[in-house]
Amino acid sequence: MATVTQPTSRPTNKLTAATIAAAAVSVAGVVVRNFWPSWYDAETWASLLPIAIFAVGYLLKDEPNR
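Residues numbered from 1 in each chain as written. Predicted model: local features only at pLDDT ≥ 70, side-chain atom pairs only at ≥ 80, totals over all residues. Heavy atoms only, no water.

**Considering the packing of aromatic side chains**
Phase 1 of the analysis: The tally for this structure, following the rule as stated, stands at four aromatic pairs.
Phase 2 of the analysis: Consider the rings of Phe35 and Trp36, whose centres lie 6.0 Å apart with planes at 55°: the pair is tilted.
Phase 3 of the analysis: What makes Trp36 partly exposed here is its relative accessible area of 43%.
Phase 4 of the analysis: With a centroid separation of 6.3 Å and 15° between ring planes, the pair formed by Tyr40 and Trp45 is classed as stacked.
Phase 5 of the analysis: For Trp45, a relative accessible area of 18% puts it in the buried group.
Phase 6 of the analysis: Members of the aromatic cluster, connected to one another through ring pairs, are Phe35, Trp36 and Trp39.
Phase 7 of the analysis: One Lys or Arg, Arg33, reaches over the ring of Tyr40 and ends 5.6 Å from the middle of that ring. (Phe/Tyr/Trp six-rings, centres within 6.5 Å; stacked < 30°, edge-to-face > 60°. Buried < 20%, exposed > 50% of the residue type's maximum accessible area, 1.4 Å probe, protein only. Lys NZ or Arg CZ within 6 Å of the ring centre and 35° of its normal.)

In structure tokens, the structure reads:
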């Protein structure tokens, strides 16, 4: 894979998307824990977080921010 040239110190789109995915999974876990506690399992949500981060970071094309 070719290196992406960053014109600024802002993170790449891939890193930004992975961070947003992590936040979304964390918020979803809080919502499920509060509204449907019988569906919440801490180990499952802890395993889901790195999977979601990897999936979004892997699937998004890496381009520099403009």
